[in-house]
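Each chain, written out:
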Amino acid sequence: MGNAQVPVIAIDGPSASGKGTVASRVAAALGFHYLESGALYRLVALAGGEAPERVAAGMDVEFFNQDILLNKHYVTDKLRSEAIGNRASEIAKLPAVRAALLERQRGFRRRPGLVADGRDMGTVVFPDAVLKVFLTASVATRAQRRHKQLNDKGNHATLAALSSALEERDKRDAARAVAPLKPAVDAVSVDSSELAIDEVVDLVLKMYRERMSR
Ligand code: C5P
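Here is what the cut-offs are and how they apply
Residues numbered from 1 in each chain as written. Predicted model: local features only at pLDDT ≥ 70, side-chain atom pairs only at ≥ 80, totals over all residues. Heavy atoms only, no water. Buried < 20%, exposed > 50% of the residue type's maximum accessible area, 1.4 Å probe, protein only. Helix = DSSP H or I, 4+ residues; strand = E, 2+ residues; numbered from the N terminus. Near = heavy atom within 4 Å. Polar contact = N/O pair within 3.5 Å; in protein donor to acceptor, adjacent residues only side chain to side chain. Areas by Shrake-Rupley, 256 points an atom, 1.4 Å probe, with all protein chains shown as cover. Core = buried A, V, L, I, M, F, W, Y, C linked by side-chain atoms within 4.5 Å. Contact = heavy atoms within 4.5 Å. Salt bridge = Lys/Arg side-chain N within 4 Å of Asp/Glu carboxyl O.

Caption draft 1: Broad picture of helix 2 (residues 37–47). By the criterion of burial, helix 2 is predominantly enclosed, with 8 of the 11 residues buried. Of all the residues in helix 2, the buried ones are Ser37, Ala39, Leu40, Tyr41, Arg42, Leu43, Val44 and Ala45. Residue glycine 48 follows helix 2 closely and has a positive phi angle near 65°.

Caption draft 2: Structural detail: the site of the ligand. Among the 16 residues in the neighbourhood of the ligand, the closest are listed as Arg42, Arg98, Asp120, Arg169 and Asp173. Residue arginine 119 places a side-chain N or O atom 2.9 Å away from an oxygen atom belonging to the ligand. Compared with its free state, where it exposes 460 Å², the ligand has 96% of that area covered by protein. Among the elements of the structure, helix 2, helix 5 (82–91) and helix 9 (159–175) are those that each provide at least two residues to the shell around the ligand. It is helix 2 that provides the largest number of residues to the shell around the ligand, a total of 4 residues.

Caption draft 3: Highlighting the nonpolar core. One finds Leu35, Leu43, Met59, Leu101 and Phe126 to be the most contacted residues of the largest nonpolar core, which totals 29 residues. Where this core is concerned, the elements lending two or more residues are strand 1 (8–12), helix 2, strand 4 (67–70), helix 5, helix 6 (95–106), strand 6 (114–118) and helix 7 (121–125). With 6 residues, helix 2 is the single largest residue contributor to this core. With residues up to four places along the chain from it excluded, the contact list for leucine 43 reads Met59, Val61, Ile68, Leu70, Val75 and Leu79. In this structure, Val26, Ala27, Phe32 and Val204 belong to the second largest nonpolar core, which totals 18 residues.

Caption draft 4: Summary view of the pattern of salt bridges. Evaluated as defined, the whole model comprises 16 salt bridges. Salt-bridge contacts for aspartate 173 lead to arginine 119; the nearest nitrogen and oxygen are separated by 3.5 Å. Placement of the pair is aspartate 173 in helix 9 and arginine 119 in the loop between strand 6 and helix 7, with a sequence separation of 54 residues. There is no split in this pair, since aspartate 173 and arginine 119 are both buried. Aspartate 152 is paired through a salt bridge with lysine 148; the nearest N and O atoms lie 3.0 Å apart.

That's the geometry; what it means functionally is another story.
Shown next as structure tokens:
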């Protein structure tokens, strides 16, 4: 079976829309591989250096269960900070960085299938995905979710500060010239503001099964 026959479910959306949790649970339910593409941009930001496109091409990355290793070092917790998220969004504007990460992302497409989350999974990286979901939620909901996540880790950013940082990052991601944050023309938009994570997971699984039975 060629790579192109391996089914992909693309889940895109703004930051803190819940796409990571939904994507990893959908992947677990189906026994599929999971690609958190945002982690790659975060890794380039964390690695630093003068030439991010060279870092993007050359970095040694391993995803190991829930952990992420950069050049053999565990960096999982460091990657999750808002500062790294914002730096990642700056770096993600650079076409050379995006180009350097493209094939690496496509390399995750392996049998029996892949669930990939990010900003351009459905538009650029996997345009032939069998199901494309654009997951949104109100800014207030997303800020609250991120606030809770950070608080659980002992990081006490204020809700107001988080909310404006999220909005700023989404604006930058949506405004960039290359692979901006936007739904693919054939994406299904799902607003998760009023839904529990389990409900979104079930909805995505149901849509996927419907597509596959056609
Ligand atoms: O998804 P996450 O918030 O971890 O992504 C961090 C940043 O990486 C985003 O704000 C975005 O600028 C960038 N990104 C991207 N394309 C993707 C995934 C993430 O540009 N597919």
